Amino acid sequence: MFAAERRQLILEMVRANGAVSLRELARVVQTSEVTVRRDVRALEAEGLLDRRHGGAVLPGGFTRESGFPQKSHLATAEKTAIADLAAGLVEEGEAIVVGAGTTTQELARRLARVPGLTVVTNSLLVAQALAHANRVEVVMTGGTLRGSNYALVGSGAEQSLQGLRVSRAFLSGSGLTAERGLSTSNMLSASVDRALVQAAAEVVVLADHTKLGTDTMFQTVPTDLITRLVTDEPPAHDDRAATELQALADQGVQITVAGASGAPGGDQVPARQQQRRDVPLPGPRRGQVPSPGPALRTATALGDPIPGAERARVADLRRR
């Protein structure tokens, strides 16, 4: 296929879906992601589409937001790995809030197995995923239905969250940067997400690497209110995402990175092979007193004990 034919097909796919991942584009046009990335860059120079980390979207800048059908096809394997790890943060009998989004929908499917859980949400998709979970209580906000992402928004949703207090909020969004935190392209969605944050003692953001370094119009959660980010391992060529991760860690956000043992590129693997890499805080959060002792970086598989030598090294560092 000639370059002009490839680019025409890429453009048609983006116009039909609103947003398409580089991996999917490469599969359809039967070429490498490197070639597709070069084609996307050329189409962006002509103003025909916008590049995003890991994909391409219709042009529209800060104000455009893809609908659910388009978002559901982006970074699906990465969202699955993120949801698997995020579900491990939830304990039996806990009360949490879960915001709208395709990644939080994946999380909800896994929460159906947590007994005694109470989930407050403004997302019809989250509620649907938990509808047949006998041991999970689902509480929905009021509000007006926003059809593009099947979420309840507006003053009714915000008022129903007043006076609520839960342990954690799990939120997604359109973009995440160390400078502004989590953001979205819709004002009504942003307002409800801020109300969800106010109801929670901790905020956990679920964002795949394609959203790192992307800034959109309305801020939902400033960086200093984000307790933890659960994301996937950025591709080796994605320096911008890796830099953004380090910047978020420097501002005190706990980073949990989902990877796949023996499966480069974020391909899905069985749950028992999923790995987690926690990046501890390299510095104090704003307003906190620094704790003594050096920061430690660990890379530990889920459920694996810390090796004896590593435990001794940690103890020695603490004594110092």
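The text that follows walks through the structure, step by step, so that each part is easy to find. Bear in mind the structure is a predicted one, so any value in this text is a computation, not a measurement. (Residues numbered from 1 in each chain as written. Predicted model: local features only at pLDDT ≥ 70, side-chain atom pairs only at ≥ 80, totals over all residues. Heavy atoms only, no water.)

Side note on the overall build of the protein chain
Next up, step 1: The secondary structure content of the protein chain amounts to 11 helices and 16 strands.
Next up, step 2: Expressed as a percentage of the 320 residues in the protein chain, the buried residues total 48%.
Next up, step 3: For the protein chain, the proportion of contacts with a sequence separation of at least 24, taken over those separated by at least 6, is 64%.
Next up, step 4: Element-wise, carbon and sulfur atoms account for 51% of the exposed surface of the protein chain, whose accessible area totals about 15,600 Å². (Helix = DSSP H or I, 4+ residues; strand = E, 2+ residues; numbered from the N terminus. Buried < 20%, exposed > 50% of the residue type's maximum accessible area, 1.4 Å probe, protein only. Contact = heavy atoms within 4.5 Å. Areas by Shrake-Rupley, 256 points an atom, 1.4 Å probe, with all protein chains shown as cover.)

Observations regarding the pairing of strand S11 (residues 181-184)
One face of the sheet, then the other: side chains in a regular strand alternate in exactly this way.
Next up, step 1: Bridge count between strand S10 (residues 175-177) and S11: three bridges; the pairing is antiparallel. Of the residues in S11, the one forming a bridge with Leu176 is Leu182.
Next up, step 2: Connecting S10 to the antiparallel partner S11 that follows it, the hairpin turn spans three residues. (Pairing = 2+ DSSP bridges.)

Structural notes on a nonpolar patch on the surface
Next up, step 1: Among the surface-exposed residues, Leu124, Val138, Met140, Leu145 and Tyr150 lie close enough to one another that they form a single nonpolar patch of about 380 Å² accessible area.
Next up, step 2: Relative to the helices and strands, Val138 resides in strand S6 (residues 136-140). (Patch = residues over 30% accessible without salt bridge, like charges linked within 9 Å, V, L, I, M, F, W, Y side chains within 5 Å. Salt bridge = Lys/Arg side-chain N within 4 Å of Asp/Glu carboxyl O.)

Here's the deal with the nonpolar core
Next up, step 1: If you look at the biggest cluster of nonpolar residues, it comprises 27 residues, and the most contacted ones within it are Leu176, Val205, Leu229, Leu248 and Ile255.
Next up, step 2: Those elements giving two or more residues to this core turn out to be strand S9 (166-171), helix H9 (187-198), strand S12 (200-206), helix H10 (239-250) and strand S15 (254-260).
Next up, step 3: Per-element tally for this core: the top contributor is H10, with four residues.
Next up, step 4: With 25 residues, the next largest nonpolar core counts Ala87, Val90, Ala108 and Val119 among its residues. (Core = buried A, V, L, I, M, F, W, Y, C linked by side-chain atoms within 4.5 Å.)

Looking at unusual backbone geometry
Next up, step 1: The phi dihedral of Gln30 falls on the positive side, at around 60°, and the residue is not glycine.
Next up, step 2: Of note, the phi angle at Tyr150 is positive, near 55°, even though the residue is not glycine.
Next up, step 3: By secondary structure assignment, the location of Tyr150 is in the loop between strand S7 (144-146) and strand S8 (151-153).

Re the environment of Arg165
Next up, step 1: Counting through the fold element by element, Arg165 comes out in the loop between helix H8 (155-160) and S9.
Next up, step 2: The exposure class assigned to Arg165 is exposed, which follows from its relative accessible area of 57%.
Next up, step 3: Not counting chain neighbours up to four residues away, the residues in contact with Arg165 comprise Gln198, Ala199, Ala200 and Ala201.
Next up, step 4: From its side chain, Arg165 meets the backbone oxygen of Gln198 in a polar contact 3.3 Å long.
Next up, step 5: From its side chain, Arg165 meets the backbone oxygen of Ala200 in a polar contact 3.3 Å long. (Polar contact = N/O pair within 3.5 Å; in protein donor to acceptor, adjacent residues only side chain to side chain.)

With respect to the side chain of Arg6
Next up, step 1: For Arg6, the location among the structural elements is in helix H1 (residues 3-17).
Next up, step 2: Not counting the four nearest positions on each side in its chain, Arg6 is found in contact with Met1, Val29, Thr31, Thr35 and Asp39.

Focus on helix H5 (residues 76-87)
Next up, step 1: Counted at 1.5 Å a residue, the expected span for H5 with its 12 residues is 16 Å, and the 16 Å between its end C-alpha atoms agrees.
Next up, step 2: Among the 12 residues that make up H5, 10 are buried, leaving the element largely enclosed by the rest of the structure.
Next up, step 3: Where H5 is concerned, the buried positions are Ala77, Glu78, Lys79, Thr80, Ala81, Ile82, Ala83, Leu85, Ala86 and Ala87. (Expected span 1.5 Å × (residues − 1).)

Examining the pattern of salt bridges
Next up, step 1: For the structure shown, the criterion picks out 11 salt bridges.
Next up, step 2: Glu24 is paired through a salt bridge with Arg27; the nearest N and O atoms lie 2.5 Å apart. Here Glu24 pairs with Arg27, and both are found in helix H2 (residues 22-29), just three residues apart, close to one helical turn.
Next up, step 3: In this structure Glu24 comes out as partly exposed when scored by relative accessible area, which is 29%.
Next up, step 4: Assessed through its relative accessible area of 56%, Arg27 is described here as exposed.
Next up, step 5: Among the ionic pairs, Glu106 bridges to Arg110, the shortest N-O distance being 3.1 Å. Of this pair, Glu106 and Arg110 both sit in helix H6 (residues 102-111), four residues apart, roughly one helical turn. This pair shows no difference in class: Glu106 is buried, exactly as Arg110 is.
Next up, step 6: When salt bridges that share partners are traced, they join Asp84, Glu106, Arg109 and Arg110 into one network.

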